[in-house]
2 protein chains.
Amino acid sequence: MEFDPTAHPHRRYNPLTGEHVLVSPHRNKRPWLGQTEPPQTATLPEYDPACYLCPGNPRSGGQINEKYTSTLVFENDFPALLPPPGPVPPVSGHPLLQATPVEGGCDVLIFHPRHDLTLARMATDDIENVVNEWMRVYLKRGRQPGIKYVQIFENKGAMMGCSNPHPHGQVWSLNEVPAFPATELENLKKYGQRPQASGLVSGAPCGPGNKPCMLCEYAHHEMSLQGEEGRIVVQNEHWVALVPYWAIWPFEVLLLSHHRHIPSLDHLEAQERKSLASIISRLTIRYDNLFSTSFAYSMGIHQRPVPSQDSSILADGDEAHLHLHFNPPLVRSATVRKFLVGFEMMGEPQRDLTAEQAAARLRACSEVHYLDSSDHGS
Amino acid sequence: MEFDPTAHPHRRYNPLTGEHVLVSPHRNKRPWLGQTEPPQTATLPEYDPACYLCPGNPRSGGQINEKYTSTLVFENDFPALLPPPGPVPPVSGHPLLQATPVEGGCDVLIFHPRHDLTLARMATDDIENVVNEWMRVYLKRGRQPGIKYVQIFENKGAMMGCSNPHPHGQVWSLNEVPAFPATELENLKKYGQRPQASGLVSGAPCGPGNKPCMLCEYAHHEMSLQGEEGRIVVQNEHWVALVPYWAIWPFEVLLLSHHRHIPSLDHLEAQERKSLASIISRLTIRYDNLFSTSFAYSMGIHQRPVPSQDSSILADGDEAHLHLHFNPPLVRSATVRKFLVGFEMMGEPQRDLTAEQAAARLRACSEVHYLDSSDHGS
Ligand SMILES: [Zn+2]
Ligand SMILES: [Zn+2]
């Protein structure tokens, strides 16, 4: 029997995390007996007087939002991290009980004054404002003394526990590199240090110091495959959005540069920021179109932990390859989501739909938002 | 300022997984603005003619359940894993794209014929039947050629994506040790191999070959703390259920033996199985009482990957210390749950309530189920 990745169970390896995912494509036909989510029905107003993120409204901490017209950044009123100096936990009575102090800050980054928009419904110019704001926050927080990582993320949709549909993300900056980016950075570094593959000339861009970069090589490899076999969803001059070979979430996407090694947001040229905004727009429109719903996800930016002092000099941390993860839970429809529970919580992640099947589904989606298409409402 | 673990943010280390959790106890007072879950309202019948797990009913694959009177085990009609031989994935064209074949089997284990029961509502004798069935499945599947791990788990509650309230769990057996138990086993093994701590005489039981066992020592340490300071929820002669120092889920519990090192279910004496059933009953009743609701969770049993050939001879794998993880999502009420999203998905896990606070809350719960208490319905 010949192996068919769309029919035979197998296990794939994620070189970024060192973990595996179980793929069970033969299970795609099983009937759905699970929990369903409530459908999204509400049409949102452009301005909601009860929203703590709308311009001019009071926040839960009592402060009043300015009447911003583009993006707005403010410190979270209930931050998970507090600025230094904090008290240091005492050495515990037992080596198995280890605590270390943590400090930093939490920002909220509003994407747009309009309550009813999302990245998928925003103009590309407005998304470019968000990209520029991400860069400013990364530079500002990353230069504060003691900060070792700036984690930018967006959590979108009620099924991700996000209460407020007003388009916004968050930035948590702290004195440690958090577990997941730390693991990725370690694996990127190891990949750069491995002995050069015997005669393998991939033609991919190199990482710092002309060493191989895992993500440059991975993006290059995916770009070299024929469209219908591959995992690419959208691409442009600088960026590619693909369902990674080792994806866990049904329609998980990794968005990264393919034309050169870029460690962090502050290394982006104006044209690269513009094309990043464009590919984010195209990807999120496809997401919404997949199930004709505002697609829930968590998005996170992984990059160089903090900006380098002088980006013209190579430094430790430059092996980071700027990338965005989109982890959306929906799997079959606007109301059927994946849960990482049971075996996936106690054993290891598992999926039924293959990465290639997911990419093909997203490629088949239009780049005209379903709410803007002429079919809509007919 | 003196460090107060109930007020100051810190980061705790999990020696079982090598990962960290961010603890932000100062945030406990923030108002809840997030998504809420629908409350459980339905009263379930003892028998549901539409349930594919009730005795005598047809399953989705068409088979008819026997009229079982205690527990029932059958192969999942839509298994994620298939029995050997399966085709072997070809070596891919790129070293970053690695797939390996996976094979095995998936069983469903029904806990009780009654549709309306849960572990928290079952008699201890009936839970003992479940423990015995876990042991039988572990022995049966673990002795099949090629099987390298038997993962027993229960996924309970609609908010965990579990559609059918009929009390049941699953067992996935496969030709690889899945990622999470593999990491734990590696850390347990390393702990046993480290040079003996200088003069540290903990009085805890030892692991195989008289080497230190991380979980024996951890359980022993928790038992040595004064009740109101500690993390223990319930304990008996053989077992202790505690909120681990490094817990991620709000009311996460680790259930393990404290009196001796037990690698796997097949090593349990009759009295230990009885007292395991008893502590599971006491813990799950407290869970239900916490928010007066049928408490959702994923439970998983981690142990020796497969039974040893001869349990009287020390063998590789005996460093495993049998334990049960209970990961429940509820955090504030029957309708407010935790989501592992945003920073927790892109950075690292985070919690507000400390492990000690969670343990104190569970300790304050009664061991009489709220549906059986005289207050109920008044
Ligand atoms: Zn990453
Ligand atoms: Zn474990």
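Residues numbered from 1 in each chain as written. Chains lettered and ligands numbered in written order. Predicted model: local features only at pLDDT ≥ 70, side-chain atom pairs only at ≥ 80, totals over all residues. Heavy atoms only, no water.

1. Remarks on the relation of the copies chain A and chain B
Okay, step 1: For the pair chain A and chain B, the best superposition has an RMSD of 0.0 Å and corresponds to a rotation of 180 degrees with a translation of 0.0 Å parallel to the axis. Both copies of the chain, as the preceding transformation shows, are related through a two-fold rotation axis.
Okay, step 2: Interface overlap between copies is the fraction of interface residues in one copy that are interface residues in the other; for chain A against chain B it reaches 100%, indicating a shared surface. (Least-squares fit on C-alpha atoms with pLDDT ≥ 70 in both. Contact = heavy atoms within 4.5 Å.)

2. Describing the sheet that holds strand β7 (residues 168–174) of chain B
Strand-to-strand pairing in sheets goes through backbone hydrogen bonds, with the strands running parallel or antiparallel.
Residues and elements named next belong to chain B.
Okay, step 1: The strand order β3-β5-β7-β6-β11-β12-β10-β9-β8 describes an open sheet built from 9 strands, whose pairing is antiparallel. The sheet is open, and its two borders are formed by β3 (72–75) and β8 (232–235), each paired with just one other strand. Taking the axes of each pair of neighbouring strands and ignoring which way they run, one obtains an average angle of 20 degrees across the sheet.
Okay, step 2: In this structure, strand β11 (residues 297–302) lies alongside strand β12 (residues 323–327), joined through 5 bridges in antiparallel fashion. The residue of β12 that forms the bridge with Gly-300 is His-325.
Okay, step 3: Set on the sheet, helix α4 (residues 270–290) makes contact with β6 (149–156), β8, β9 (239–242), β10 (253–257), β11 and β12; between it and β8 the angle comes to about 140 degrees. (Pairing = 2+ DSSP bridges. Helix = DSSP H or I, 4+ residues; strand = E, 2+ residues; numbered from the N terminus. Axes fitted to C-alpha atoms, helices over the stretch in contact; angles between N-to-C directions.)

3. Regarding the packing of aromatic side chains
Okay, step 1: A complete count under the given rule lists 22 aromatic pairs over all chains for this structure.
Okay, step 2: With 6.2 Å between their ring centres and 35 degrees between their planes, Phe291(B) and Phe295(B) make a pair best called tilted.
Okay, step 3: Overall, the relative accessible area of 11% leaves Phe291(B) in the buried class.
Okay, step 4: Ring plane angle 70 degrees and centroid distance 5.2 Å describe the contact between Tyr297(B) and Phe326(B), whose orientation is recorded as edge-to-face. On the criterion of sequence distance, the pair formed by Tyr297(B) in strand β11 and Phe326(B) in strand β12 is long-range, its members being 29 residues apart.
Okay, step 5: Ring pairing ties together the aromatic residues Phe251(A), Tyr287(A), Phe291(A), Phe295(A), Tyr297(A) and Phe326(A), which thus form one cluster.
Okay, step 6: Here the basic side chain of Arg59(A) rests over the ring of Phe74(A), its NZ or CZ set 3.6 Å away from the ring centre.
Okay, step 7: The ring of Phe339(A) has Arg337(A) sitting right over it, with the charged end atom 4.6 Å from the ring centre. (Phe/Tyr/Trp six-rings, centres within 6.5 Å; stacked < 30°, edge-to-face > 60°. Buried < 20%, exposed > 50% of the residue type's maximum accessible area, 1.4 Å probe, protein only. Lys NZ or Arg CZ within 6 Å of the ring centre and 35° of its normal.)

4. What about the interface of chain A and chain B?
Okay, step 1: Each partner contributes residues to the interface: chain A has 82 residues there, and chain B has 82 residues.
Okay, step 2: Regarding the contact of chain A and chain B, the summed buried area is about 7,300 Å², with carbon and sulfur atoms giving 71% of it.
Okay, step 3: Our count for the contact surface shared by chain A and chain B stands at 2 salt bridges.
Okay, step 4: A salt bridge links Glu176(B) to Arg11(A); the nearest nitrogen and oxygen atoms lie 3.5 Å apart.
Okay, step 5: There are 20 residue pairs in polar contact (both at pLDDT 80 or more) connecting chain A and chain B. (Buried area = accessible area lost by both parts, 1.4 Å probe. Salt bridge = Lys/Arg side-chain N within 4 Å of Asp/Glu carboxyl O. Polar contact = N/O pair within 3.5 Å; in protein donor to acceptor, adjacent residues only side chain to side chain.)

5. Overview of the UniProt feature "binding site: Zn(2+)" (unreviewed entry) in chain A
All names here are of chain A.
Okay, step 1: The UniProt feature table records "binding site: Zn(2+)" (unreviewed entry) at Cys-51, Cys-54, His-115 and His-166. Across 116 residues of sequence, these annotated residues stay compact in space, with a maximum C-alpha separation of 8.0 Å.
Okay, step 2: Secondary-structure assignment places Cys-51 in the loop between β2 (19–23) and β3 (72–75).
Okay, step 3: Excluding residues that lie within four positions of it along the chain, Cys-51 makes contacts with Asn-57, His-115, Asn-164 and His-166.
Okay, step 4: Among the secondary structure elements, His-115 is positioned in the loop between β5 (104–110) and α1 (124–142). (UniProt positions renumbered as here; feature names shortened; annotations may be inferred.)

6. Details of the coordination of the zinc ion (ligand 1)
All names here are of chain A.
Okay, step 1: Here the zinc ion (ligand 1) is held by the protein donor atoms Glu-184 (OE), Glu-184 (OE), His-302 (ND1), His-323 (NE2) and His-325 (NE2), which lie 1.9 to 2.4 Å from it.
Okay, step 2: Expressed as a motif, the donor residue spacing for the zinc ion (ligand 1) is E-x117-H-x20-H-x1-H. Residue His-302 is found in strand β11 (residues 297–302), and its partner His-323 is found in strand β12 (residues 323–327); the two are separated by 21 residues along the sequence. Both residues of the pair, His-302 and His-323, count as buried. (Donors = N, O, S within 2.8 Å, 3.2 Å for Na, K, Ca; no water.)

7. Section: the pairing of strand β13 (residues 330–333) of chain A
Residues and elements named next belong to chain A.
Okay, step 1: For β13 and strand β14 (residues 336–337), the ladder comprises 2 bridges, and the chain directions are antiparallel. Along β14, the bridge assignment pairs Ser-333 with Val-336.
Okay, step 2: Between β13 and the antiparallel strand that follows it, β14, lie 2 residues.

8. Details of the environment of Ala204(B)
All names here are of chain B.
Okay, step 1: Checked against the element boundaries, Ala-204 lands in the loop between α2 (179–193) and α3 (214–224).
Okay, step 2: For Ala-204, a relative accessible area of 14% corresponds to the buried category.
Okay, step 3: With 34 residues separating them along the chain, Ala-204 and Gln-170 place their C-alpha atoms 33 Å apart.
Okay, step 4: Ignoring any residue separated from it by four or fewer positions in sequence, one finds Ala-204 in contact with Cys-216, Glu-217 and His-220.

9. Let's talk about the environment of Pro328(A)
All names here are of chain A.
Okay, step 1: Take Pro-328: it is sitting in the loop between β12 and β13.
Okay, step 2: C-alpha of Pro-328 to C-alpha of Ser-298: the two residues are 30 residues apart in sequence and 6.3 Å apart in space.
Okay, step 3: In this structure, Pro-328 is in contact with Trp-249, Pro-250, Phe-251, Glu-252, Tyr-287, Phe-295, Ala-296 and Tyr-297, ignoring residues within four places of it in sequence.

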